[in-house]
Amino acid sequence: QVQLVESGGGLVQPGGSLRLSCKASGSIFRIDAMGWYRQAPGNQRELVATITYGGSTNYADSVKERFTISRDSARNTVYLKMNRLKPEDTALYYCNVMGLDLSLHDYDSWGQGTQVTVSS
């Protein structure tokens with residue numbers, strides 16, 4: 001079983017910055033991709049950004065040029081640096097990690113979510 005622990009959410013004013021962190025632990029053989037998704041009240045969960053084992057990144061159009069995803073492979077940790085935050089970025093942000101566990105089975109794990117609120 002793979003567990004994810006997220007941190008870094010909070011309340012920030014428009015134009016401000018936050019950095020989210022997500023550490024994976026447990027029965028990990030390999031991590032193929034890590035990513036961040038978000039869900040605002042009344043909306044479906046949507047992709048924010050992903051990063052593959054090889055370092056390829058993908059961003060939602062709404063966050064390009066403002067958010068940066070990165071990872072520390074040695075620590076099984078993924079980060080999301082969010083700059084120039086807007087009120088519409090307010091949501092519950094979820095970490096997602098996919099790969100192979102020690103039994104060589106696929107896993108697709110989700111964190112509990114960390115709240116990001118952008119408001120003056």
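Up top is the structure these notes are about.
Residues numbered from 1 in each chain as written. Predicted model: local features only at pLDDT ≥ 70, side-chain atom pairs only at ≥ 80, totals over all residues. Heavy atoms only, no water.

S.K.: What is the right way to look at the overall build of the protein chain in this model?
M.R.: The secondary structure content of the protein chain amounts to zero helices and 11 strands. Mapped from its N terminus to its C terminus, the protein chain presents α and β elements in the order β-β-β-β-β-β-β-β-β-β-β. A compact globule built from 120 residues would reach a C-alpha radius of gyration of about 14 Å, and the protein chain, at 14 Å, matches this within 12%. In the protein chain, which comprises 120 residues, the share counted as buried stands at 43%. Here the contacts in the protein chain between residues at least 6 apart in sequence split such that 54% fall between residues at least 24 apart. Of the roughly 6500 Å² of accessible surface on the protein chain, a fraction of 46% belongs to carbon and sulfur atoms. If the 12 positive side-chain charges of the protein chain are averaged to one point and the 11 negative ones to another, these points end up 7 Å apart. (Helix = DSSP H or I, 4+ residues; strand = E, 2+ residues; numbered from the N terminus. Rg over C-alpha atoms; globule rule 2.2 N^0.38 Å. Buried < 20%, exposed > 50% of the residue type's maximum accessible area, 1.4 Å probe, protein only. Contact = heavy atoms within 4.5 Å. Areas by Shrake-Rupley, 256 points an atom, 1.4 Å probe, with all protein chains shown as cover. Lys, Arg positive; Asp, Glu negative; His and termini not counted. Charge placed at Lys NZ, Arg CZ, Asp CG, Glu CD.)

S.K.: How do you make sense of the environment of V12 when you look at a structure like this?
M.R.: Position of V12 among the secondary structure elements: in strand β2 (residues 10–12). A relative accessible area of 11% places V12 in the buried class. The spacing of V12 and L85 is 73 residues in sequence and 8.0 Å in space, taken between C-alpha atoms. Beyond its immediate stretch of four places on either side in the chain, V12 contacts S17, L18, L85, T117, V118 and S119.

S.K.: Explanation requested: the packing of aromatic side chains in the structure shown.
M.R.: Taken as a whole and judged by the stated rule, the model has one aromatic pair. Above the ring of Y94, the side-chain terminus of R45 is found at 3.7 Å from the ring centroid. Sitting over the face of the ring of W110, R45 holds its NZ or CZ atom 4.6 Å from the ring centroid. (Phe/Tyr/Trp six-rings, centres within 6.5 Å; stacked < 30°, edge-to-face > 60°. Lys NZ or Arg CZ within 6 Å of the ring centre and 35° of its normal.)

S.K.: Explain the pairing of strand β10 (residues 106–110) here, please?
M.R.: Two faces, one strand: in a regular strand the side chains alternate between the faces of the sheet. Side chains of β10 alternate between two faces, with Y107 and S109 buried and D106, D108 and W110 left unburied. With five bridges connecting them, strand β9 (residues 91–101) and β10 associate as antiparallel partners. By the bridge assignment, N96 is partnered in β10 with W110. Connecting β9 to the antiparallel partner β10 that follows it, the hairpin turn spans four residues, and L104 within it adopts a positive phi of roughly 60 degrees. (Pairing = 2+ DSSP bridges.)

S.K.: Explain unusual backbone geometry here, please?
M.R.: A negative phi angle characterises most non-glycine residues, just as the trans form characterises most peptide bonds. Here R84, not a glycine, exhibits a phi torsion of approximately 45 degrees, which is positive. With relative accessibility at 46%, the residue R84 sits in the partly exposed group. Even without glycine at this site, L104 takes up a positive phi of about 60 degrees. Examined against the element boundaries, L104 turns out to sit in the loop between β9 and β10. Among the residues examined, L104 registers a relative accessible area of 51% and is labelled exposed.

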